[in-house]
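Inside the fold
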Amino acid sequence: FTEEKLGQAEKTELDAHLENLLSKAECTKIWTEKIMKQTEVLLQPNPNARIEEFVYEKLDRKAPSRINNPELLGQYMIDAGTEFGPGTAYGNALIKCGETQKRIGTADRELIQTSALNFLTPLRNFIEGDYKTIAKERKLLQNKRLDLDAAKTRLKKAKAAETRSSQLNSARLEGDNIMVNFSYMLNFLHVKWLKSEQELRITQSEFDRQAEITRLLLEGISSTHAHHLRCLNDFVEAQMTYYAQCYQYMLDLQKQLGSFPSNYLSNNNQTSGTPVPSTLSNAVGSSAMASTSGLGITAPSSVTELKESSGSRKARVLYDYDAANSTELSLLADEVITVFSVVGMDSDWLMGERGNQKGKVPITYLELLN
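Structure report, in brief. What you are looking at is a predicted structure, and each value in this text was computed from that prediction instead of being measured. (Residues numbered from 1 in each chain as written. Predicted model: local features only at pLDDT ≥ 70, side-chain atom pairs only at ≥ 80, totals over all residues. Heavy atoms only, no water.)

A tally of helices and strands in the protein chain yields nine helices and five strands. N-terminal to C-terminal, the α/β element order of the protein chain is α-α-α-α-α-α-α-α-α-β-β-β-β-β. Of the roughly 23200 Å² that the protein chain leaves accessible, carbon and sulfur atoms contribute 55%. (Helix = DSSP H or I, 4+ residues; strand = E, 2+ residues; numbered from the N terminus. Areas by Shrake-Rupley, 256 points an atom, 1.4 Å probe, with all protein chains shown as cover.)

The following block contains the structure:
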């Protein structure tokens, strides 16, 4: 092996088919490890939790059950809602959101379990089982090849030595003792040459046998790819089920919270300009938009009529709103205020009036009354 690395010995090359199979197996091993590790990161982002699960797995013990992030957030929301009072709008909404977050946490737990069983386990079995067997047989093949190359080198040296001796023996030499010595040397070298030939045949046979064993194992990589493809389909189905459940849970939550308009946004993200970015409406599906129909949301035509006229209208407040600055008017859900349009005002706002209080109010928080 050292002489090969130094370029001082010939190397028996494997056939092209076997080399391709070895390259395919190595490539499969490298990418399987990368996919497996990144999938583990996706399912469990916490590195400390992954290390803990790895230790328990090596100890052949079941890891203790741990509450996940959605479940923990859900519990905090429920506790906060209970503290604020389930009878209040905010407390009731927190409790509903917390229950939904807990359901999402349960779905997340099911995704992890299903993915670990149907996707990660087969990949890990290949790395720790099939590929280890391939690597072991590949190492044996390497050793058999080195034995074969060493036998070829010994035979080559024996042939060269016998040729030189024959050349010396054919020269004209005087004296019986010298001739006897050369004859003895020739017989010795001939026996050594025959022994080297026999050793070469044995090592060649062992090399061919090991090459066939390795080839049969490597040809199983195609079956491994087919199996991993089925596992990948199972993983995709598990993700599809998880995201479908989460989407349905959020639709149900939206209906429970009063079916917010598609362009509704939290006060914390509002600026003194327009309260709702127009791009948000693209993120809501058609089913969510359908859920808001027939719920008394302000119709665009009514708002247009109000803006074109110089009169005022009564409007019911749909949600609590905290004024961002002194030019706006804070609102309480279900209260009725007077609204009217002012020339030059942004299209997403109206002027609201409650007694002696006046200020801008967002249209999305209002339902115009007849």
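What follows covers the packing of helix 2 (residues 16–43) against helix 7 (residues 221–256). In contact at an axis separation of 12 Å, helix 2 and helix 7 are set at 15° when each is read in the N-to-C sense. Taken together, the axes of helix 2 and helix 7 lie roughly parallel to each other. Judged by the sense of rotation from one axis to the other, the crossing of helix 2 with helix 7 is left-handed. Seen from helix 2, the contacting residues are Lys24, Ala25, Thr28, Thr32, Thr39 and Leu42; seen from helix 7, they are Ile221, Ser222, His225, His228, Phe235 and Gln239. (Axes fitted to C-alpha atoms, helices over the stretch in contact; angles between N-to-C directions. Parallel < 35°, antiparallel > 145°, perpendicular 65-115°, else oblique. Left-handed = near helix turned anticlockwise from the far one by under 90°. Contact = heavy atoms within 4.5 Å.)

Look at helix 7: 52 Å from first C-alpha to last across 36 residues, which is about the 52 Å you get at 1.5 Å a residue. Within helix 7 the residues assigned to the buried category are Ile221, Thr224, His228, Cys231, Phe235, Ala238, Tyr242, Cys246, Leu251, Leu253 and Gln254. (Expected span 1.5 Å × (residues − 1). Buried < 20%, exposed > 50% of the residue type's maximum accessible area, 1.4 Å probe, protein only.)

As a further point, take the nonpolar core. One finds Leu331, Ile337, Val339, Leu350, Val361 and Leu366 to be the most contacted residues of the largest nonpolar core, which totals 20 residues. Secondary-structure elements contributing two or more residues to this core are strand 1 (312–317), strand 2 (336–340), strand 3 (349–354) and strand 5 (366–368). Each residue touching valine 361, except ones within four places of it in the same chain, is listed here: Leu329, Leu331, Ile337, Val339, Asp348, Trp349, Leu350, Met351, Gly352 and Leu366. Among the nonpolar cores identified, the runner-up in size contains 18 residues, and Leu21, Leu148, Leu200 and Ile221 belong to it. (Core = buried A, V, L, I, M, F, W, Y, C linked by side-chain atoms within 4.5 Å.)

This part is about the pairing of strand 1. Sheet analysis places strand 1 next to strand 2, joined by five bridges and oriented antiparallel. Note that in strand 2 the partner of lysine 314 across the bridge is threonine 338. (Pairing = 2+ DSSP bridges.)

So, on to the packing of aromatic side chains. Centre distance and the angle of the planes are the two values used to describe a pair of aromatic rings. Under the criterion given, the structure shown has six aromatic pairs. Site record: aromatic cluster; members linked through ring pairs are Tyr319, Tyr321 and Tyr365. When the ring centre of tyrosine 249 is taken as reference, the NZ or CZ atom of arginine 103 above it lies at 5.6 Å. (Phe/Tyr/Trp six-rings, centres within 6.5 Å; stacked < 30°, edge-to-face > 60°. Lys NZ or Arg CZ within 6 Å of the ring centre and 35° of its normal.)

Looking at the secondary structure, you find lysine 102 in helix 5 (residues 89–169). As for lysine 102 and leucine 72, which are separated by 30 residues in sequence, their C-alpha atoms are 7.7 Å apart. Every residue in contact with lysine 102, bar those within four places of it in the chain, is listed here: Pro70, Glu71, Gly74, Gln75 and Ile78. Among the polar contacts listed, one links the side chain of lysine 102 to the side chain of glutamine 75, at a separation of 2.4 Å. (Polar contact = N/O pair within 3.5 Å; in protein donor to acceptor, adjacent residues only side chain to side chain.)

Further remarks concern unusual backbone geometry. Leaving glycine aside, a negative phi is the common case for residues, and trans is the common case for peptide bonds. In this model, aspartate 334 sits at a positive phi of 75°, which is unusual for a non-glycine residue. Position of aspartate 334 relative to the elements: it lies in the loop between strand 1 and strand 2.

Here we come to helix 4 (residues 69–84). Under the 1.5 Å per step criterion, the end-to-end length of helix 4 is 22 Å for 16 residues, consistent within 8% with the ideal 22 Å. Buried residues of helix 4: Pro70, Glu71, Gly74, Ile78 and Gly81, and no others. Looking straight down helix 4, one finds its buried side chains confined to an arc of 95°; they lie on one side. For helix 4, exposure combined with an orientation more than 90 degrees from the buried face picks out Asn69, Tyr76 and Glu83. A side-chain oxygen of the first residue of helix 4 lies 3.0 Å from the backbone nitrogen of glutamate 71; this N-cap is asparagine 68. The first or second residue beyond helix 4 is glycine 85, which carries a positive phi of 110°. (Arc of directions from axis to C-beta.)

On their own, these measurements won't tell you what the molecule is for.
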